[in-house]
Amino acid sequence: MTNFVYFISTTYLKDNTPLNENVDDKLLKSAIKEAQEIYIRDVIGSGIYNQLQTQAFASTLTNLNVTLLDSYIAPCLKYYTLTEAMLPMTFKLMNKSVASREADNARAVSVEEMTLIEGRYRDKAEYYANRLRDYLRTNTNDYPLFLNPGNTIDTIRPKSTAFSGGIYLPLRYDDCFFNYDFPNEEQ
């Protein structure tokens, strides 16, 4: 795809999040593009993603796709963008080192605080990603590309969940207790 279309603008991001007006648009555009390509495409699949890109570039968005973008993708994308923008807003890659950005009348946050904030935004993004996914599942007749995004080598099928956790849940009960030495109940 040669023409990239941003699903949200930097103005939308600044108007609908706690971002300060003086945050560099170049930094935000980079974060929007990364979040859109990494997260949104994984949620909706490359079929709908490419359709939205093509229609938005040609200014021929259908009413269904306008609803999809405005009511479901934009809220999700704004929070994923905030998670992607946290690191570049805090640190700058310089020629000889990585430096932290500092303001004249503000205190820079610690890495722990930044991780906490990023986690909160990621939780909100995952909530909206599940909401988006549920909307598409409920309306598969209106969005057939959700279930059938194509079959080319670069096709990305929609992921079934936005959450990623560190808990292993086995498919079978037996897998859970394989080679586990249960203590004797009499002891």
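Residues numbered from 1 in each chain as written. Predicted model: local features only at pLDDT ≥ 70, side-chain atom pairs only at ≥ 80, totals over all residues. Heavy atoms only, no water.

> Which parts of the structure should I look at to understand the packing of helix 2 (residues 25-58) against helix 3 (residues 63-90)?
Between two packed helices, both the angle of their axes relative to each other and the distance between the axes serve to describe the pair. Axis separation between helix 2 and helix 3 bottoms out at 6 Å; the angle between their running directions is 145 degrees. Handedness of the crossing formed by helix 2 with helix 3: right-handed. Tallied by class, residues from the contact of helix 2 with helix 3 come to 19 nonpolar, five polar and two charged. (Axes fitted to C-alpha atoms, helices over the stretch in contact; angles between N-to-C directions. Helix = DSSP H or I, 4+ residues; strand = E, 2+ residues; numbered from the N terminus. Left-handed = near helix turned anticlockwise from the far one by under 90°. Nonpolar A, V, L, I, M, F, W, Y, C, P; charged D, E, K, R; others polar.)

> What should I look at first to understand unusual backbone geometry in this one?
Apart from glycine, the bulk of residues carry a negative phi angle, and the bulk of peptide bonds sit in the trans form. A positive phi angle is found at Ser-59, which is not glycine, with a value near 55 degrees. Topologically, Ser-59 is positioned in the loop between helix 2 and helix 3. Overall, the relative accessible area of 66% leaves Ser-59 in the exposed class. (Buried < 20%, exposed > 50% of the residue type's maximum accessible area, 1.4 Å probe, protein only.)

> I tried to follow the side chain of Thr-17 on my own but got confused; where do I start?
Within the secondary structure layout, Thr-17 lies in the loop between helix 1 (10-16) and helix 2. In this structure the side chain of Thr-17 is engaged in a polar contact, spanning 2.4 Å, whose partner is the backbone oxygen of Leu-13. Not counting residues within four places of it along the chain, the set of residues in contact with Thr-17 comprises Lys-78 and Leu-82. (Polar contact = N/O pair within 3.5 Å; in protein donor to acceptor, adjacent residues only side chain to side chain. Contact = heavy atoms within 4.5 Å.)

> Help me understand the nonpolar core in this model?
Side chains that are nonpolar tend, in soluble globular proteins, to be buried together. By size, the foremost hydrophobic cluster in this structure holds 36 residues, and its most contacted members are Ile-44, Leu-68, Ile-73 and Leu-136. At the level of elements, helix 2, helix 3 and helix 4 (111-138) are the ones that each hand at least two residues to this core. Broken down by element, this core gets its largest block of residues, 12 residues, from helix 2. Excluding anything up to four places from it in sequence, Ile-44 contacts Tyr-49, Leu-52, Ile-73, Leu-132, Leu-136, Phe-146 and Pro-158. (Core = buried A, V, L, I, M, F, W, Y, C linked by side-chain atoms within 4.5 Å.)

> Honestly, the environment of Ile-73 in this entry has me stumped. Any pointers?
Residue position: Ile-73 is located in helix 3. Taking the relative accessible area as the measure of exposure, Ile-73 reaches 0% and is therefore buried. Placed 29 residues apart in sequence, Ile-73 and Ile-44 show a C-alpha to C-alpha distance of 9.1 Å. Ignoring sequence-local partners within four residues, the contact set of Ile-73 consists of Phe-7, Ile-40, Ile-44, Leu-52, Leu-68 and Leu-132.

> Whenever I open this one, the packing of helix 2 against helix 4 confuses me. Can you help?
For the pair helix 2 and helix 4, interaxial distance at closest approach is 9 Å and the crossing angle is 25 degrees. It follows from the interaxial angle that helix 2 and helix 4 lie roughly parallel. Seen from helix 2, the contacting residues are Tyr-39, Val-43, Ile-44 and Ile-48; seen from helix 4, they are Arg-122, Ala-129, Leu-132, Arg-133 and Leu-136. Within the contact of helix 2 with helix 4, the residues separate by chemical class into seven nonpolar, no polar and two charged. (Parallel < 35°, antiparallel > 145°, perpendicular 65-115°, else oblique.)

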